[in-house]
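So you can see what is in the structure, the chains are spelled out below.
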Amino acid sequence: MKSIFNLLKQQYQRPKALQWYITVPLPIFSILAIVVVLIVAPRLIENLVKANAVETAVDMTQTLQKIRNYYADNVLSEVGDHTGVEITHLHKYTDNAIPIPATFLMEMAQSYSAEDKLRVNVTSPYPFYSRKDRNMDEFQQSAWQKLTKNPDQPVSIFDEVEGHRVVKVAIPDKFTSNACVDCHNLHQDSSRRDWQLGDVRGIIEITVDAELSLERAHRLSLMMIIASFVSLLVLVLFNRHLAKKVVTPLSSITAAMTALSERKIVSTETSHSGYKEVNELGSAFLNFQRSEQKRQILESEVRQLAFFDPLTNLPNRSSALTRLSELASREGNLTLLIVKIDKFNEINDTLGYHVGDKLLIEVANRITTLCSDDYVARFNTTEFSIISSKNSSAKQSSASQSENALQTEALSKHLLACLQTPFAIDDHQVHVSISIAVKHVKDNQQVNEIIAHGNIALHQAETSHTHKIVTYTPELSDALDQRVTMIKELKQAIGKNELVPYFQPQFELSSGELVGAEVLLRWIKADGTLISPFFFIPAAETSGLIVPIGNKVLEQACRLNKQWQDQGFKPFRIAVNVSGVQFEQETIVREVDEALQASGLDPKWLELEVTETALMADISEIITKLSQLRDLGIELAIDDFGTGYSSLSYLKRLPINRLKIDQSFVRNVIENEDDQAIIEMILNLGKSMKLKVLAEGVEDVAEEAFLTQMNCDEAQGYYYAKPMPADEFEVYLEKINRH
Ligand code: C2E
Ligand code: MG
Ligand code: MG
């Protein structure tokens, strides 16, 4: 029982719809009230009717008693004493007689009953002998019992007489005067003779017809119930209407609010209510909704700007770093690829920013198409990152790791090939060089470390012309550390003049005459250690130190050559190596001119050697630069010729004077027929293009003989002399001049 009560209580306490509260309880309570009224009303009505009847009866009795008493006290005493008129209850049958007070009362009562709806009956359990036959009925008997005990409380009941509902009221008739007591005690007909003042002599029973009153009261009550029903119905309908007018807009506002909280942008028009407050709430909500929607749009724009690249719509660097950090800590093993567009600035500078922008979008599209399962982001202006967490698991077997590495390698190659396929942008066919860094992420690696490793690999790929995909290995870090140390030391070496130019002579094969000398740099440390340019030139190139170093070499070469000419040595060409990095500088032409001007050397005795690979950039720009240099009056040579991929048509357009056959072809030329064929080919090419050809790395007489036989123009190598410092070279020149 208790649990049922609790259940009901819980059920009741649960929030319910407004409609429930204002519609449902009302009819329930009203019906309950009507039921109660239906049960209680008849009783109330009867009680009222009864009370009314009792009041009427008491009034009536008092009136009758007053008249009787007056009759007894004033009329009878006068009449009996002076007139000789007999006072008897049989006055109707006796001449010259008047009734005793009791008869007087009864007759008054009878006359009353005859003409009104009231019937008055006077009775007593002690009637006069003459009326002994009149027995008290059941009501009268019980009333007598009650009235003798409590004479002040009239007794009343409902009864039915001749089909009419009546109220019977019994009121005690007491002795109020001694004269009456005496009379009753002395009267010959009296059945009792011990009456005393105040005794209840009999009952005055008044029967009030209640039929009409009851009928009216019931009709009134029925009308009230009907009125209650009607007003209840009206109230329920009105409440329903009210609820609808309030609940519908509220529900629509709630639905819109929910949509809003779920960041759904919905065009909600709250339904119109007839109520001012609800309408105001609706329009206040609409205002709020509009501003919230604006705020959400702004927020998503801010998010877009904060986390996405506006050009490519890819996640930006910040998003990529967050994702990398999440995946690294969650997945453990994953792969990071950094794809860089080499020399992107040149595309912007030469083709314009709009082409640059379109290129970036196209590159982004190609990458996302290829790496649809991976997380692709724009890492910075020219770099894209690809995070692949495929096949990742907390503990990978070495077999699956190597399988993963193979997949990444295949993907990288695919990416490289795809991105190096020319892009058709506007009217341009844009070729791009791409560098790709691969970093396999192991457990517990921090993002900073991952990115640092990726950058090391990327740097390696960028600076290499042949290996454009580089996977990070710890050795790369070591090499980088060494390079960093080397760069630091190199900077100091420049200040301490530890970079010393060495000179290697070049000879004309037909005459055997010294026609030139190549300047080859050496790093001689304070402890006498000699470091080869093969080690420090790449570090100088990547750090940009090659520019001041190269300028100094140029300046020294021009000054020394002019000095040797001034000393009376037969003039010869001085060949200076120019790195690709130097060649890219805008200032290269001016620097060369300044070196010539400062030394006073005739430009025809200066030659610049540029490697084939350094000339692999934009042809028109290269032609412009080479032409500007040629216009200074100097000579130009392509160094290490045969190792690059220059085509004949490409070479034809370059304003150059000399091809230097790479020493790798000369080294085995006697035994290797392929090398012979290559050298022959280069020589034919030189002839057809009217260029001089110089063979590098000639180490013995057989090589010289072969080259002479092949009509090679010039040669350089250990066979003649190793590179030597300026003072030694001066001695060497003197020795040659003496011959
Ligand atoms: P390179 O310009 O091709 O120079 C020829 C290299 O071959 C020199 O190496 C030279 O010593 C070496 N060599 C000459 N004859 C023979 C030979 O008969 N047998 C062998 N095995 N080697 C021979 P080195 O001096 O070590 O220079 C290496 C490279 O460093 C040069 O190649 C050049 O590319 C670069 N380099 C040297 N000095 C400079 C410089 O001042 N500026 C720039 N940018 N690069 C320089
Ligand atoms: Mg050289
Ligand atoms: Mg060379």
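Here the structure is a predicted model, which means the values were calculated and not measured. (Residues numbered from 1 in each chain as written. Chains lettered and ligands numbered in written order. Predicted model: local features only at pLDDT ≥ 70, side-chain atom pairs only at ≥ 80, totals over all residues. Heavy atoms only, no water.)

Quick notes on the pairing of strand β15 (residues 514-524)
The condition that has to hold: Remark: exposure states derive from per-residue accessible area (1.4 Å probe, protein chains only) relative to the maximum for the residue type, with buried under 20%, exposed over 50%, and partly exposed in between. In this description a helix means any DSSP run of H or I spanning at least four residues, a strand means any run of E spanning at least two, and both kinds are numbered starting from the N terminus. Strands qualify as paired when DSSP identifies two bridges or more between them.
In terms of burial, β15 is a largely internal element, 10 of the 11 residues being buried. In this structure, strand β14 (residues 499-508) lies alongside β15, joined through nine bridges in antiparallel fashion. Within the sheet, the bridge partner assigned to Gln506 lies in β15 and is Gly516. The loop that links β14 with its antiparallel partner β15 comprises five residues; one of these, Gly512, has a positive phi angle of about 75°. Here β15 runs beside strand β17 (residues 573-578); their pairing, made up of four bridges, is parallel. Across the sheet, the residue bridging to Glu518 is Ala575, located in β17. Sheet topology note: the β15/strand β16 (residues 530-531) ladder contains two bridges and is antiparallel. By the bridge assignment, Trp523 is partnered in β16 with Ile531. Hairpin connection from β15 to β16: five residues lie between these consecutive antiparallel strands, with Gly528 at a positive phi of about 90°.

Notes on the coordination of the magnesium ion (ligand 3)
Filter applied, for reference: Donor criterion used throughout: N, O or S atom within 2.8 Å of the metal, extended to 3.2 Å for Na, K and Ca. Water excluded; incomplete-looking sites may result.
Every protein donor of the magnesium ion (ligand 3) is listed here as Asp639 (OD), Asp640 (OD), Glu696 (OE) and Glu696 (OE), and their distances to the metal cover 2.2 to 2.5 Å. In this structure, the magnesium ion (ligand 3) lies 4.0 Å away from the magnesium ion (ligand 2), the two metals sharing Asp639 as a donor. Taking relative accessible area as the criterion, Asp639 reaches 6% and is therefore assigned buried.

Quick notes on the site of ligand 1
Quick note on the threshold: Distances are taken per atom, and a residue is near a molecule or strand as soon as one of its heavy atoms is within 4 Å of it. For this analysis, a polar contact is any N or O atom pair within 3.5 Å, provided that within protein one partner can donate a hydrogen and the other can accept it, and provided that sequence-adjacent residues contribute only side-chain to side-chain pairs. In this classification, the charged set is Asp, Glu, Lys and Arg, the nonpolar set is Ala, Val, Leu, Ile, Met, Phe, Trp, Tyr, Cys and Pro, and all remaining amino acids, among them Gly, are polar.
Of all residues adjacent to ligand 1, which total 23 residues, the nearest are Arg522, Asp639, Gln663, Glu699 and Tyr718. Glu518 places a polar side-chain atom, nitrogen or oxygen, 2.9 Å from an oxygen atom of ligand 1. Of all the secondary-structure elements, those providing two or more residues to the shell around ligand 1 are β15, α15 (533-543) and β19 (635-641). Among the elements that take part in the shell around ligand 1, β15 stands out by supplying four residues, more than any other. In terms of residue class, the shell around ligand 1 is made up of nine nonpolar, seven polar and seven charged.

With respect to the packing of aromatic side chains
Stated formally: A pair of Phe, Tyr and Trp rings is counted when the ring centres sit within 6.5 Å of each other, with Trp represented by its six-membered ring. The angle between the planes then sorts it: under 30 degrees is stacked, over 60 is edge-to-face, the rest tilted.
Within the structure shown, the criterion is met by 14 aromatic pairs. Centre to centre, the rings of Tyr126 and Trp144 are 6.3 Å apart; their planes meet at 75°, and the pair counts as edge-to-face. Here the residue Tyr126 occupies a position in the loop between β3 (118-123) and α5 (138-149), and Trp144 occupies one in helix α5, the gap between them amounting to 18 residues. Trp144 sits in the buried class, given a relative accessible area of 12%.

Looking at the coordination of the magnesium ion (ligand 2)
Here the magnesium ion (ligand 2) is held by the protein donor atoms Glu518 (OE), Asn577 (OD1), Glu609 (OE) and Asp639 (OD), which lie 2.0 to 2.3 Å from it. Spacing between the donor residues of the magnesium ion (ligand 2) along their common chain follows E-x58-N-x31-E-x29-D.

Details of the nonpolar core
Heads up, the rule is: Throughout, nonpolar core names a set of buried Ala, Val, Leu, Ile, Met, Phe, Trp, Tyr and Cys residues whose side chains join them through atoms within 4.5 Å. Residue contacts are defined here by distance: any two heavy atoms, one from each residue, within 4.5 Å place the two residues in contact.
Core analysis: the largest hydrophobic core is formed by 82 residues, its most contacted members being Ile574, Leu606 and Leu654. Leave out the neighbours within four places in its chain, and Ile574 touches Phe503, Ala517, Val519, Ala557, Asn561, Trp564, Leu601, Trp605, Leu606 and Glu607. Core analysis: the second largest hydrophobic core is formed by 28 residues, Ala41, Val54, Leu105 and Val169 among them.

Looking at the domain arrangement of the protein chain
Heads up, the condition is: An automatic or database domain assignment supplies the residue ranges for each domain. Simply put, the buried area is the total loss of 1.4 Å probe accessible area from both parts when two parts are fitted together. A side-chain nitrogen of Lys or Arg and a carboxyl oxygen of Asp or Glu constitute a salt bridge if their distance falls within 4 Å.
One can read the domain layout of the protein chain as domain 1 (30-209), domain 2 (310-472) and domain 3 (483-738). Just the C-alpha atoms count here: the centres of domain 2 and domain 3 sit 38 Å apart. Each side of the interface is counted separately: domain 2 has six residues, and domain 3 has six residues. Contact between domain 2 and domain 3 buries roughly 510 Å² in total, counting both sides, with carbon and sulfur atoms accounting for 50%. Three residues, Glu346, His459 and His465, lead the burial of domain 2 against domain 3; their summed loss comes to 51% of the area buried on that side. At the surface where domain 2 touches domain 3, the tally comes to one salt bridge. The partner of Lys343 in a salt bridge is Glu584, and the shortest N-O contact between them spans 3.2 Å. In this structure, the connection of domain 2 to domain 3 is made through three residue pairs in polar contact (both at pLDDT 80 or more). The leading source of residues in the side of domain 2 that touches domain 3 is helix α13 (residues 447-463), at three residues. Each residue belonging to the side of domain 2 that touches domain 3 can be placed in one class, and the counts come to no nonpolar, five polar and one charged.

Observations concerning a negative patch on the surface
Definition in use: Residues form patches when they are more than 30% accessible in relative terms and have no salt bridge. Like charges link within 9 Å. Nonpolar side chains (Val, Leu, Ile, Met, Phe, Trp, Tyr) link within 5 Å. Methods summary: accessible areas were calculated by the Shrake-Rupley approach with a probe of 1.4 Å, and residue burial reflects only the protein chains presented. In this tally Asp and Glu are treated as negative and Lys and Arg as positive; neither His nor the chain ends contributes. Charge placement uses NZ in Lys and CZ in Arg. For Asp and Glu, CG and CD serve respectively.
Judged by side-chain charge, Asp349, Glu586, Asp618 and Glu621 come together as a negatively charged surface patch. Looking at the element boundaries, Asp618 is found in the loop between β18 (606-611) and α19 (619-631). According to the relative accessible area criterion, Asp618 is partly exposed, its value standing at 32%.

Describing the pattern of salt bridges
Scanning all chains against the criterion turns up 34 salt bridges. Here Arg658 ties to Glu635 by a salt bridge, and the two come within 3.0 Å at their closest N and O atoms. In this pair, Arg658 is assigned in strand β20 (residues 658-661) and Glu635 in strand β19, connecting sequence segments 23 residues apart. Owing to a relative accessible area of 3%, Arg658 belongs among the buried residues under this scheme. Given the relative accessible area of 23%, Glu635 is considered partly exposed. Through salt bridges with shared partners, one network takes in Arg573, Glu607, Glu635, Arg658 and Glu714.

Remarks on the sheet that holds strand β5 (residues 164-174)
Here is the rule: For helices, the fitted line uses only the C-alpha atoms of the stretch in contact; every axis is such a line through C-alpha atoms, and the angle between N-to-C directions lies from 0 to 180 degrees.
Within the open sheet, the four strands sit side by side as β3-β6-β5-β4. Their pairing is antiparallel. What marks the edges here is a single partner per strand, and that holds for β3 and β4 (155-161). Strand-to-strand twist of the sheet, defined as the mean angle between neighbouring strand axes without regard to direction, takes the value 25°. Across six bridges, β3 lies against strand β6 (residues 200-209) in antiparallel orientation.

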